[in-house]
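Secondary and tertiary structure notes
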Amino acid sequence: MFRRALSRALPLLSNGLLREGIGPRCGPASFRFSLTSSSSSGTPDPSILPEEESREDPESRKPAISISIDRSGLHNPPEHLHEPHTDSELVKHLKSIIKFRGGPISVAEYMEEVLTNPHSGFYINRDVFGAGGDFITSPDVSQMFGEMVGVWAMCLWEQMGQPGNVNLVELGPGRGTLMVDLLRGSSKFSNFKKALNIHMVECSPALQKVQYDALKCMDEATNDDSSSKKTISMVSGSSIAWHSTLEQVPSGLPTIIIAHEFYDALPVHQFQKASRGWCEKMIDVSEDSSKFRFVLSPHPTTASLLYLTKRCKWASREEVTNLEHIEVCPKAMELTHQIAERISSDGGGALIIDYGKDGLISDSLQAIRQHKFVDILDDPGSADLSAHVDFASIRHCAEEASDGVSVHGPITQSQFLGSLGINFRVEALLQNCTEEQAESLRTGYWRLVGDGEAPFWDGPNDLTPIGMGTRYLAMSIVNKKQGIPIPFE
Ligand code: SAH
């Protein structure tokens, strides 16, 4: 299976990525595994990079001390609760919802407010990634991640018959790093590049701005009086637009959708088995109103009647009876429904990469603040909340939404990147780099495809890089007309 996939990806790698030898990406982003000064351990010499392919500005190359941890690999015990002296705006808001509702709110409602409340949600007003942020993701680990996703997108575009106009949609683009690497990596494929209309689905105005800058965007007037404008990314010359939901992305064109670490940010309901049956875990305020606490619903809730019942129908009796807790994500179900309908009517396909499993998720919701696990209820809005992704539910939802799509995977990230040729890519990059860059490339490569703790690590144990190769999974939903996407054959 993987040999066939590689034989289709290789022409792309050798025509552009390999032969042209795009240099290793510079900047501290690739060196965030440990407490390091990136100036000494890895900032590459920019002089070896062709000017147009170096995506970092000199400011971002300044030495930076960074501590970074991949959020799914953390295993610290929760920190002790500490009481903020005064309630934040978000805490006041959550307490007022509970007060006026006259009872507790669901974990899903809490998670949605904490992450995306338009005034004070975790993602809304700041850059939460990398050094000084709360966590890092694969695009930050290595440029090869976005490049390989680009190879996947180009292969799919070829399977789609190389349409002259295609929507490339990214859901939750973070800092825009994946899209920059995808566009830079595919820049030699002019027909693909020319076909692209890029759409970024991002709820955070602050991150929209970060993405705009990362993609070197410029606004162009579309008529003489400059009353309307379109935005162009100078990385590829493509038009680019921002939306806060997928629904707002114009339909009618064949579409390629990428969702990397997006589903894990969607709010989950939590259910717990009790003597009276499955109850929903809810969030209330303590009697003295000083802090939040979990309570169990006394009766079945709407979510348990609708979503838990629906999800359990897709599971075996044994799978359900073995669990004391179940998480269900209705927003993931809705989103998958929308993706499947759009892919079915407009053609194209979607790629979903995230951590999770191909089955029911038990009790996975976690909070991370500045690279450490913390209590979910502690100082909401100051820590990231995320939950493992239920890939089986995505498959069932897509298949239920439309007969016009087929669902492939999940396969592990290691299989996905390996089949698309990451081994060739790392070898090519290693031909043209300094020893420091080589070390960073090898570590980044291992981090993306490796499993467990890095065997070569000789730094402090608590900073040992953890491989993401088997914990992250890739799934694809495509229009049936295109056949099976690589590398899911
Ligand atoms: N894909 C990026 C970032 C993942 S973090 C990466 O891999 O680095 C999640 C991203 O989704 C952030 O950009 C966040 O602001 C955005 N986001 C979270 N919930 C969202 C929602 N409901 N609608 C739109 N964007 C959302």
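Residues numbered from 1 in each chain as written. Predicted model: local features only at pLDDT ≥ 70, side-chain atom pairs only at ≥ 80, totals over all residues. Heavy atoms only, no water.

1. A short note on the packing of aromatic side chains
- For the structure on display, the rule yields 7 aromatic pairs.
- Ring geometry for Phe-122 and Tyr-123: centres 5.2 Å apart, planes at 70°, overall edge-to-face. Accessibility assignment for this pair places Phe-122 and Tyr-123 in one class, buried.
- For the ring pair Tyr-355 and Tyr-472, a centre distance of 5.3 Å and an interplane angle of 70° mean the geometry is edge-to-face. (Phe/Tyr/Trp six-rings, centres within 6.5 Å; stacked < 30°, edge-to-face > 60°. Buried < 20%, exposed > 50% of the residue type's maximum accessible area, 1.4 Å probe, protein only.)

2. Section: the side chain of His-260
- Among the secondary structure elements, His-260 is positioned in strand E9 (residues 255-260).
- Judged by relative accessible area, which is 6%, His-260 ranks as buried.
- Setting aside anything within four residues of it in sequence, one finds His-260 in contact with Thr-137, Ser-138, Pro-139, Phe-145, Leu-171, Gly-172, Leu-178 and Ile-353. (Helix = DSSP H or I, 4+ residues; strand = E, 2+ residues; numbered from the N terminus. Contact = heavy atoms within 4.5 Å.)

3. Regarding the packing of helix H6 (residues 143-159) against helix H7 (residues 177-185)
- Viewed as axis vectors pointing N to C, H6 and H7 meet at an angle of 60°, and their least axial separation amounts to 7 Å. One way to sum up the angle between H6 and H7 is to call them oblique. At the point where H6 passes H7, the crossing takes the right-handed sense. Where H6 abuts H7, its residues Gln-143, Phe-145, Gly-146, Glu-147, Val-149 and Gly-150 lie against Leu-178, Asp-181, Leu-182, Arg-184 and Gly-185.
- Looking at side-chain class alone, the contact of H6 with H7 contains 4 nonpolar, 4 polar and 3 charged residues. (Axes fitted to C-alpha atoms, helices over the stretch in contact; angles between N-to-C directions. Parallel < 35°, antiparallel > 145°, perpendicular 65-115°, else oblique. Left-handed = near helix turned anticlockwise from the far one by under 90°. Nonpolar A, V, L, I, M, F, W, Y, C, P; charged D, E, K, R; others polar.)

4. Details of a negative patch on the surface
- Where like charges cluster on the molecular surface, the negative patch consists of Glu-435, Glu-436, Glu-439 and Asp-458.
- Along the chain, Glu-439 turns up in helix H16 (residues 435-449). (Patch = residues over 30% accessible without salt bridge, like charges linked within 9 Å, V, L, I, M, F, W, Y side chains within 5 Å. Areas by Shrake-Rupley, 256 points an atom, 1.4 Å probe, with all protein chains shown as cover. Salt bridge = Lys/Arg side-chain N within 4 Å of Asp/Glu carboxyl O. Lys, Arg positive; Asp, Glu negative; His and termini not counted. Charge placed at Lys NZ, Arg CZ, Asp CG, Glu CD.)

5. Comments concerning the packing of helix H12 (residues 330-346) against helix H13 (residues 391-401)
- Remark: H12 packs on H13, axes separated minimally by 8 Å, with the N-to-C direction vectors making an angle of 45°. On the basis of the axis angle, H12 is oblique to H13. Between H12 and H13 the crossing geometry is right-handed. Between H12 and H13, the residues in contact are Met-333, Thr-336, His-337, Ala-340 and Glu-341 and Ser-393, Ile-394, Cys-397, Ala-398 and Ala-401, respectively.
- The residue inventory of the contact of H12 with H13, partitioned by class, reads 6 nonpolar, 3 polar and 1 charged.

6. Points about the site of the ligand
- What surrounds the ligand is a group of 15 residues, the closest being Thr-137, Gly-172, Gly-174, Glu-202 and His-260.
- Contacts to the ligand include His-260, whose side-chain N or O atom sits 2.5 Å from an oxygen atom.
- Computed on the free molecule, the ligand has an accessible area of 570 Å², of which 92% lies beneath the protein chains in the complex.
- Per-class residue counts for the shell around the ligand are 7 nonpolar, 6 polar and 2 charged. (Near = heavy atom within 4 Å. Polar contact = N/O pair within 3.5 Å; in protein donor to acceptor, adjacent residues only side chain to side chain.)

7. Digging into the sheet that holds strand E16 (residues 372-374)
- Strands sit in the order E16-E15-E17 across an open sheet of 3 strands; the sheet is antiparallel. Edge positions in the sheet fall to E16 and strand E17 (384-386), since each of these pairs with one other strand and no more. Between one strand axis and the next, the sheet turns by 40° as a mean value, whatever way the strands run.
- Sheet analysis places strand E15 (residues 366-369) next to E16, joined by 3 bridges and oriented antiparallel. Counted as the bridge partner of Arg-369 is Lys-372 from E16. (Pairing = 2+ DSSP bridges.)

8. Considerations on the pattern of salt bridges
- Counted according to the given criterion, the structure contains 14 salt bridges.
- Residue Asp-358 is joined to Arg-395 by a salt bridge in which the shortest nitrogen-to-oxygen separation is 3.0 Å. With Asp-358 in the loop between strand E14 (348-357) and E15 and Arg-395 in helix H13, this pair connects stretches of sequence that are 37 residues apart.
- Overall, Asp-358 belongs to the partly exposed group, its relative accessible area being 42%.
- If you follow the salt bridges from partner to partner, you end up with Glu-147, Asp-181, Arg-184 and Arg-425 in one network.

9. Comments concerning the pairing of strand E8 (residues 238-243)
- As defined by bridge partners, strand E5 (residues 196-201) adjoins E8 across 5 bridges and the pair is classed as parallel. If you follow His-199 over to E8, its bridge partner there is Ala-241.
- Sheet topology places strand E7 (residues 229-233) next to E8; 3 bridges connect them, and they run antiparallel. Bridged to Ser-233 within E8 is Ser-238.
- In this structure, the hairpin formed by E7 and E8 is closed by a connection of 4 residues, where Gly-237 is found at a positive phi of approximately 75°.

10. Concerning the pairing of E15
- Residues Gln-366 and Ile-368 of E15 are buried on one face, and the alternating residues Ala-367 and Arg-369, pointing to the opposite face, are buried as well.
- Here 3 bridges tie E15 to E17, and the two strands are oriented antiparallel to one another. The partner of Gln-366 across the bridge, within E17, is Ser-386.
- Remark: 2 residues form the turn of the hairpin made by E15 and E16, two consecutive strands paired antiparallel; Gln-370 in that turn has positive phi of roughly 45°.

11. Side note on the confidence of the model for the chain
- The pLDDT averaged across the chain works out to 84; a share of 81% of its residues lies at or above 70.
- Every residue in residues 14-23 is under pLDDT 50, and counting partners more than four places away or in other chains gives 28 contacts. (pLDDT = per-residue confidence, 0-100.)

12. Looking at the environment of Phe-135
- You can see Phe-135 is positioned in the loop between helix H4 (107-116) and helix H5 (138-141).
- Each C-alpha atom of the pair Phe-135 and Arg-369 lies 8.0 Å from the other, and the pair is 234 residues apart in sequence.

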